[in-house]
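Examining the three-dimensional arrangement
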Amino acid sequence: MDFFEPADIAIYIQGRGIVLKEKSLVAFDNVSGKIAAFGKEAEDMVKNPAEHIKIISPMKRGSIADYMAAVKLFQYLLKKAWGKKPLFAKPAIAVCVSKEITMVEKKALEDALYQTGAGKVFVADSSLKQLLEKIPECPEKWKNWKIFIEIAKDKPENYVTEQLSDLFHYAEENEISDEKVAELFHKIMAEHVS
């Protein structure tokens, strides 16, 4: 299995509340080359892996790591969240992300949501809860925003683990010993604590 720590994607629809919460996972069938599953169904495949299935997370620490897979994932999740009736044309979508993602990463996320059919996209570096608290303050500003997406992590320490893993991989590629990495880590920790 080869995927980044998946983000948790929550979709909130005005008047209905949070209607969906799933992992940012996509399962590919290596034989057909097609997508086999998204979200919860792909997560179930992680538990019972098949040889011909590759599972990835197109989101890395809340930003897009695989653009086309992210577009397909958002299309699937938005359709699933909206329900049986067709998703209305060109919806306005607000998406809540971590404060750590860059402007370039925000632009990629915005573009991906436009690819899903969004008419307007607003990227907020706040939690869904914080953004929803602002709506009663400016109801006119938010009246056309029907769909809110939060890309977060229920356990943010998993992102730290992923970053540390990336660091060790980088050190290994550049022939920096584990001992040297540990020495540098202790030095940074000592500076951070004092």
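The structure reproduced in this document is the subject of the present report. All values derive from a computational prediction rather than experimental measurement.

**Description of the nonpolar core**
- Of all hydrophobic cores here, the largest spans 32 residues; its most connected members are Ile 11, Phe 74, Ile 149 and Ile 151.
- Breaking this core down by element, the ones donating at least two residues are β1 (8-13), α2 (67-82), β8 (92-96), α3 (103-115), β9 (120-124) and β10 (145-152).
- By residue number, the principal contributor to this core is α2, which donates 9 residues.
- If near-sequence neighbours (up to four positions away) are discounted, Ile 11 is found in contact with Gly 17, Ile 18, Val 19, Leu 20, Leu 77, Leu 78, Ala 81, Ile 147, Phe 148 and Ile 149.
- Within the second largest apolar cluster, 12 residues are counted, among which are Tyr 12, Ile 135, Trp 142 and Phe 148.

**Focus: a nonpolar patch on the surface**
- Where nonpolar side chains cluster on the molecular surface, the patch consists of Phe 185, Met 189 and Val 193 and spans about 290 Å² of accessible area.
- Looking at Phe 185, the relative accessible area reads 40%, which means it is partly exposed.

**Here's the deal with the sheet that holds strand β4 (residues 35-38)**
- Here 3 strands make up an open sheet; going across it, the order is β4-β3-β5 and the pairing antiparallel. The outermost strands of the open sheet, each flanked by one partner alone, are β4 and β5 (53-56). Along the sheet, successive strands turn relative to each other by an average axial angle of 20 degrees, direction set aside.
- Strand direction decides the pairing type here: strand β3 (residues 26-29) and β4, joined by 3 bridges, are antiparallel. The residue of β4 that forms the bridge with Val 26 is Phe 38.
- Where helix α1 (residues 39-47) meets the sheet, it contacts β3, β4 and β5, and its direction lies at approximately 105 degrees from that of β4.
- Those strands touched by α2 are β3, β4 and β5, and its axis lies near 55 degrees from that of β4.

**Quick notes on the side chain of Thr 116**
- Note that Thr 116 resides in the loop between α3 and β9.
- Within the structure, Thr 116 has its side chain in polar contact with the backbone oxygen of Leu 113 (distance 2.5 Å).
- Excluding residues that lie within four positions of it along the chain, Thr 116 makes contacts with Val 71, Phe 74, Gln 75 and Leu 78.

**Focus: the pairing of β9**
- Here β8 runs beside β9; their pairing, made up of 5 bridges, is parallel. Bridging across to β9, Val 95 finds its partner in Val 123.
- For the segment spanning β8, α3 and β9, crossover handedness is right-handed.

**Quick look at unusual backbone geometry**
- A positive phi angle, near 55 degrees, is found at Glu 175, a position not held by glycine.
- Positionally, Glu 175 belongs in the loop between α6 (157-173) and α7 (178-193).

**Things to note about α2**
- The end-to-end C-alpha distance of α2, which contains 16 residues, comes to 22 Å, matching closely the 22 Å that a straight helix rising 1.5 Å per residue would cover.
- When we look at burial in α2, the residues that qualify are Ala 69, Ala 70, Val 71, Leu 73, Phe 74, Leu 77, Leu 78, Ala 81 and Trp 82.
- A distance of 3.5 Å separates the backbone nitrogen of Met 68 from a side-chain oxygen at the start of α2, and that oxygen is part of Asp 66.
- Downstream of α2 by a residue or two, Gly 83 has a phi angle that is positive, lying close to 100 degrees.

What counts and how
Residues numbered from 1 in each chain as written. Predicted model: local features only at pLDDT ≥ 70, side-chain atom pairs only at ≥ 80, totals over all residues. Heavy atoms only, no water. Core = buried A, V, L, I, M, F, W, Y, C linked by side-chain atoms within 4.5 Å. Buried < 20%, exposed > 50% of the residue type's maximum accessible area, 1.4 Å probe, protein only. Helix = DSSP H or I, 4+ residues; strand = E, 2+ residues; numbered from the N terminus. Contact = heavy atoms within 4.5 Å. Patch = residues over 30% accessible without salt bridge, like charges linked within 9 Å, V, L, I, M, F, W, Y side chains within 5 Å. Areas by Shrake-Rupley, 256 points an atom, 1.4 Å probe, with all protein chains shown as cover. Salt bridge = Lys/Arg side-chain N within 4 Å of Asp/Glu carboxyl O. Pairing = 2+ DSSP bridges. Axes fitted to C-alpha atoms, helices over the stretch in contact; angles between N-to-C directions. Polar contact = N/O pair within 3.5 Å; in protein donor to acceptor, adjacent residues only side chain to side chain. Right-handed = clockwise from strand over helix to strand, strands pointing away. Expected span 1.5 Å × (residues − 1).

Shape is all these values report; function is a separate question.
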